Amino acid sequence: MAAARLTTTPTTTRPSTPRPSAAKRSAEQVVTACAPLLKSPLPAGRPREWYVTHNRRLKAMRLAIALLDTGVHHPQTADNGRIRATADRIGVHRPSDTTCRMVRALIRYGR
């Protein structure tokens, strides 16, 4: 069987702009760099407690991701004050003690 001959054509390259390294970017730039995903409506007909728990999990996940992006990788360093300060910074309502515990659990076991 004969091998096909590969030819390459020159492509136009755009001038590269220097990107700041991860060490030079501040924590706020990392947190605000992501665009939010499109939200779909929640399913109808579930008990109210399901919606409360679902929204609490979503909030805890957002907070855990923001904390991980800022360099908090151990649940011992994620006290309630730091979690609530992160919530203020990313524009989320003040989390309850239960949500703060859930954030620490996600950081601990979410590997």
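Let me sum up the structure you'll find in this document. (Residues numbered from 1 in each chain as written. Predicted model: local features only at pLDDT ≥ 70, side-chain atom pairs only at ≥ 80, totals over all residues. Heavy atoms only, no water.)

Attention now goes to the overall build of the chain. The helix and strand tally for the chain stands at four helices and zero strands. Starting at the N terminus, the α and β elements of the chain follow one another as α-α-α-α. For the chain, buried positions account for 20% of its 111 residues. Total accessible area computed for the chain in this model is approximately 9400 Å², and 56% of it derives from carbon and sulfur atoms. (Helix = DSSP H or I, 4+ residues; strand = E, 2+ residues; numbered from the N terminus. Buried < 20%, exposed > 50% of the residue type's maximum accessible area, 1.4 Å probe, protein only. Areas by Shrake-Rupley, 256 points an atom, 1.4 Å probe, with all protein chains shown as cover.)

If you look at the biggest cluster of nonpolar residues, it comprises 12 residues: A60, L63, A64, L67, V72, A78, I83, A87, V92, C100, V103 and I107. Those elements that provide at least two residues to this core are α2 (48-69), α3 (80-90) and α4 (97-109). Counting residues per element, this core draws most heavily on α2, which supplies four residues. Here A64 is in contact with V103, L106 and I107, once residues within four sequence places are set aside. (Core = buried A, V, L, I, M, F, W, Y, C linked by side-chain atoms within 4.5 Å. Contact = heavy atoms within 4.5 Å.)

All right, on to α2 then. Over its 22 residues, α2 runs 32 Å from end to end, which matches the ideal 32 Å to within 8%, given 1.5 Å per residue. Turning to α2, its buried residues number three or more, namely Y51, K59, A60, L63, A64, A66 and L67. Once α2 ends, the next one or two residues include G71, with phi positive near 100 degrees. (Expected span 1.5 Å × (residues − 1).)

Right, let's get into the packing of α3 against α4. At a minimum axis distance of 10 Å, the contact between α3 and α4 shows a crossing angle of 95 degrees. When the axis of α3 is compared with that of α4, the two are roughly perpendicular. Counting all contacts with α3, which are made through N80, I83 and R84, the residues of α4 involved are D97, C100, V103 and R104. Residues of the contact of α3 with α4, tallied by class, amount to three nonpolar, one polar and three charged. (Axes fitted to C-alpha atoms, helices over the stretch in contact; angles between N-to-C directions. Parallel < 35°, antiparallel > 145°, perpendicular 65-115°, else oblique. Nonpolar A, V, L, I, M, F, W, Y, C, P; charged D, E, K, R; others polar.)

Quick look at the pattern of salt bridges now. With the rule as written, the count across this model stands at one salt bridge. Where D97 meets R84, a salt bridge forms, and the shortest distance between an N and an O atom there is 2.6 Å. Residue D97 is found in helix α4, and its partner R84 is found in helix α3; the two are separated by 13 residues along the sequence. Exposure remark for D97: the relative accessible area of 43% places this residue in the partly exposed category. (Salt bridge = Lys/Arg side-chain N within 4 Å of Asp/Glu carboxyl O.)

Taken as a whole and judged by the stated rule, the model has one aromatic pair. Ring centres of W50 and Y51 lie 5.1 Å apart, and the angle between their planes is 90 degrees; on these two criteria the pair is classed as edge-to-face. Judged by its relative accessible area of 28%, W50 falls in the partly exposed class. The exposure class of Y51 is buried, given its relative accessible area of 19%. Here the guanidinium or amino end of R46 rests over the ring plane of W50, the centre of that ring lying 4.5 Å away. (Phe/Tyr/Trp six-rings, centres within 6.5 Å; stacked < 30°, edge-to-face > 60°. Lys NZ or Arg CZ within 6 Å of the ring centre and 35° of its normal.)

This part is about the side chain of K59. Positionally, K59 belongs in helix α2. No salt bridge is formed by the buried K59, whose closest oppositely charged neighbour, D88, lies at an N-O distance of 9.3 Å. With sequence-adjacent residues up to four places away left out, K59 is seen in contact with V92, H93, R94, P95 and T99. (Lys, Arg positive; Asp, Glu negative; His and termini not counted.)

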